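Chain and residue survey
This is what each chain is made of:
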Amino acid sequence: MTQAARPYIRMNGAGNAFIVVQAFEEGFHPTEDQVRALADPAAGLGGFDQLIGVEPSETADAFMRVWNADGSMVETCGNALRCVGWLLLEATDKEEVVIDTLGGPTTARRAGDHGRVGSEDPEGSTIAVHQVTVDMGQPRLDWAQVPLAEEMDTRGIELQVGPIDAPVLHTPGAVSMGNPHVVFFTDRQDDAFVRGSGSLVEHHPLFPEGVNVGFAKVVDRDHIRLRVWERGAGLTLACGTGACAALVATARRGLTDRKATVVVDGGELTIDWDDATDHVFMTGPVEVERTGLLPQV
């Protein structure tokens, strides 16, 4: 694959960093090695959490393909859906766009402070911050939908970290938001703990496709502090599907209401698990950082 002169847009959603490549006219099929090489800060892109390809679709406005920084292809990414959604809204002037993924289709629409000026980037120029709402669909709550390797009640699965008689983490909720998540309810959120526990659980045999690992601290019924160890990406500033999974998991346990602000390292997301439709709606920021050309790798 020749990548020289291939344009990209660097974007972030609540700090979750993406390199977005438009692939409507020409296919974009990097190998795992090429994705890893592009994610290396030495490549000149500044590193990223996910590489995104935006392709044509017969059933939607676009198809979004997602690679993690380790080169693995994954089903979907909530923060990337907001970023791609904003690009499509700008390009089409539609009120709502449909984006298909390996995890299923979703819709995106503008919300709130479209176009307000955000913080300054490292070079001193201002960055426009846009608010976008994405309909993430119904959460998948059956054990086989997550998926788990064996049948369990996903409100609190049989999993613990630490000594059998005094585990440091135990009985997390499990949910799929188009990709698999497990959510621990804990006040322990320091870097070393999240990295150590997250990397251990990510590849646990209970999760045949691997799993994203959330560490959720319930502050009150409409406020969650969340950190996420992302499958294939590690500790990131934000995880949109992880925020949705955290709200669903805490609400199912009666710890929060069905709408809450989820505070991640990179900002805030509003998650609303709608009673009428059973769909999860995620609203949060989108920032366009810069454009450029992909290097040859």
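Computed from a predicted structure; not experimentally measured.

Another aspect to go through is the state of the cysteines. Under the definition given, this model contains zero disulfides. No disulfide involves Cys-83; its sulfur sits 8.0 Å from the nearest other cysteine sulfur, which is in Cys-77.

For the structure on display, the rule yields 16 salt bridges. Across the salt bridge formed by Arg-231 and Glu-75, the nearest N and O atoms sit 2.6 Å from each other. Of this pair, Arg-231 sits in the loop between β15 (223-230) and β16 (234-235) while Glu-75 sits in the loop between β5 (73-74) and α2 (78-92); the two residues are 156 residues apart in sequence, bridging distant segments of the chain. By the burial criterion, Arg-231 is buried, and Glu-75 matches it. Here Arg-258 makes a salt bridge to Asp-275, at a shortest N to O gap of 3.0 Å. Note that Arg-258 is positioned in the loop between α4 (240-252) and β17 (259-264) and Asp-275 in the loop between β18 (267-273) and β19 (280-293), a separation of 17 residues in sequence. Residues joined in a network through salt bridges with shared partners are Asp-191, Arg-225, Arg-227 and Asp-265.

All right, on to the environment of Val-146 then. For Val-146, the position within the fold is in the loop between β9 (126-135) and β10 (160-161). Counting along the chain gives 109 residues from Val-146 to Ala-37, while the straight-line C-alpha distance between them is 30 Å. Sequence-distant contacts of Val-146, that is, excluding residues within four places in its chain, are made with Arg-140, Thr-154, Ala-174, Val-175, Ser-176, Pro-180 and His-181.

Within a pair of aromatic rings, the relevant descriptors are the distance that separates the centres and the angle that separates the planes. One pass over the structure, following the stated rule, counts three aromatic pairs. Plain terms: the ring middles of Phe-193 and Phe-215 are 6.1 Å apart, the flat faces sit at 70° to each other, and that makes the pair edge-to-face. Linking Phe-193 in helix α3 (residues 191-202) with Phe-215 in strand β14 (residues 212-220), this pair joins segments that are 22 residues apart in sequence. Judged by its relative accessible area of 8%, Phe-193 is buried. We classify Phe-215 as buried; its relative accessible area is 0%.

Within strand β1 (residues 7-13), five of the seven residues are buried, which leaves the element mostly enclosed by the surrounding structure. Between β1 and strand β2 (residues 16-22), which pair antiparallel in sequence order, lie two residues; one of them, Ala-14, sits at a positive phi of approximately 55°.

Basis of the calculations
Residues numbered from 1 in each chain as written. Predicted model: local features only at pLDDT ≥ 70, side-chain atom pairs only at ≥ 80, totals over all residues. Heavy atoms only, no water. Disulfide = S-S within 2.5 Å. Salt bridge = Lys/Arg side-chain N within 4 Å of Asp/Glu carboxyl O. Helix = DSSP H or I, 4+ residues; strand = E, 2+ residues; numbered from the N terminus. Buried < 20%, exposed > 50% of the residue type's maximum accessible area, 1.4 Å probe, protein only. Contact = heavy atoms within 4.5 Å. Phe/Tyr/Trp six-rings, centres within 6.5 Å; stacked < 30°, edge-to-face > 60°. Pairing = 2+ DSSP bridges.

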